[in-house]
Every structure is written in C-alpha cells, then in structure tokens.
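The lines below spell out each chain.
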Amino acid sequence: PAQRAWQTTLALSTALEAVPVVLEQEPRLYEATLETLMDLVPSLPDFRHIALVGHNPGLQELGLWLCDDAPLTFPTAAVLMLSLNVASWSDVAPGCATILRYDYPKNHPRR
C-alpha cells in the first residue's frame, strides 16, 4: 500500500547519489499518527541525517511538534527540512527544531 511513498524514497536516494544512503522500509511510517511517530523518532539510529517519507496528517503534525514555526499545511510531496538541536534522536522533544527548508512541487510550475 505504500508504493508511492517507496517510489518517492527511491527518487530521493537517487537525487542524493553523492551521499551514502541507507534505505529502510518502516511499515509504521505509512499513515502514522503523531503518537506513532513520537514513539518511532527517538528509536532512530544515530545517523546525522534522516529522511522520513510518509503521509499526512502524521508527518505534518510531527513537524509542528518539533518546530513551532512549521507550516500549518503540507501539500502533496511537500518537503520540510529541519535542524534538530539534539545530540541523539532519543533526545527529541517538542520545539527542538528549526526550519532549514520548506518546499513543494506546486512552487515550481512546469513551463
């Protein structure tokens, strides 16, 4: 059921080809609630960068939980890049993040 999310993940990993990428499918991410994500994030491996690919409303709610300035809307295929002021994923707490980038495809109409 998460075929499009996995395709998005593969496209993202291809775009980051110069960066070593480890891909994992986590079934709990698909249509996860904020509560599920709050349980999952602290148990993430301590990689410096992690991308979560999934669906709303959970990911949008996670963004708002992590960052008070996060957008209230998450259009299809939106990307919210955050910097977390934590030493480990287990230290994640409300408001620990700042926005590095927020973008989505409709901001870039085809010509």
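This text follows the structure it describes.
Residues numbered from 1 in each chain as written. Predicted model: local features only at pLDDT ≥ 70, side-chain atom pairs only at ≥ 80, totals over all residues. Heavy atoms only, no water.

Q: Just checking my understanding: could you explain helix 1 (residues 3-15) for this structure?
A: Each α-helix winds once per 3.6 residues, and so residues spaced three or four apart point in a common direction. Its 13 residues give helix 1 an end-to-end C-alpha distance of 18 Å, which sits within 8% of 18 Å, the value for a rise of 1.5 Å per residue. Three or more residues of helix 1 are buried, namely A5, T9 and S13. Considered in projection along helix 1, the buried side chains sweep an arc of 80 degrees and stay on one side of the axis. Projecting away from the buried face of helix 1 at angles above 90 degrees are the exposed residues Q3, R4, T14 and A15. (Helix = DSSP H or I, 4+ residues; strand = E, 2+ residues; numbered from the N terminus. Expected span 1.5 Å × (residues − 1). Buried < 20%, exposed > 50% of the residue type's maximum accessible area, 1.4 Å probe, protein only. Arc of directions from axis to C-beta.)

Q: It is not clear to me how helix 3 (residues 58-66) should be interpreted in this structure. Could you clarify?
A: The complete set of buried residues in helix 3 reads G58, L59, Q60, L62, G63 and L66. Elements in contact with the buried residues of helix 3: helix 2 (34-40), strand 1 (79-84) and strand 2 (97-103). (Contact = heavy atoms within 4.5 Å.)

Q: Help me out: how do you make sense of the packing of aromatic side chains in this one?
A: How two aromatic rings sit relative to each other is given by the distance of their centres and the angle of their planes. One pass over the full model with this rule turns up 2 aromatic pairs. Summarising the aromatic geometry, the rings of Y102 and Y104 are spaced 5.6 Å apart at their centres and angled 55 degrees between planes, so their arrangement reads as tilted. One aromatic cluster is present, formed by F74, Y102 and Y104 through successive ring pairs. (Phe/Tyr/Trp six-rings, centres within 6.5 Å; stacked < 30°, edge-to-face > 60°.)

Q: Just to check I follow, could you spell out the state of the cysteines for this structure?
A: Chemically, a disulfide is nothing more than a covalent bond linking the sulfur atoms of two cysteines. Using the criterion set out here, one finds 0 disulfides in the structure. In this structure C67 is a free cysteine whose sulfur lies 8.9 Å from that of C96, the closest cysteine sulfur available. Of the residues examined, C67 reaches a relative accessible area of 2% and is grouped as buried. For C96, a relative accessible area of 14% puts it in the buried group. (Disulfide = S-S within 2.5 Å.)

Q: Which parts of the structure should I look at to understand the nonpolar core?
A: The tendency in soluble globular proteins is for nonpolar side chains to be buried as a group. Counting 20 residues, the largest nonpolar core has L37, V41, L62, L66, L84, W89 and V92 as the members making the most contacts within it. Those elements that provide at least two residues to this core are helix 2, helix 3 and strand 1. Discounting chain neighbours no more than four positions away, the residues touching L37 are L29, A32, P42, G58, L59 and L62. (Core = buried A, V, L, I, M, F, W, Y, C linked by side-chain atoms within 4.5 Å.)

Q: Help me understand unusual backbone geometry in this model?
A: A negative phi holds for most residues other than glycine; trans holds for most peptide bonds. Between N56 and the following residue, P57, the backbone shows a cis peptide bond with an omega angle of 10 degrees. Backbone geometry places A77, a non-glycine residue, at a positive phi of 65 degrees. Note on placement: A77 falls in the loop between helix 3 and strand 1.

Q: I keep staring at the side chain of S88 and nothing clicks. Help me out?
A: Tracing the chain through its elements places S88 in the loop between strand 1 and strand 2. A polar side-chain atom of S88 sits 3.1 Å from a polar atom in the side chain of D46. (Polar contact = N/O pair within 3.5 Å; in protein donor to acceptor, adjacent residues only side chain to side chain.)

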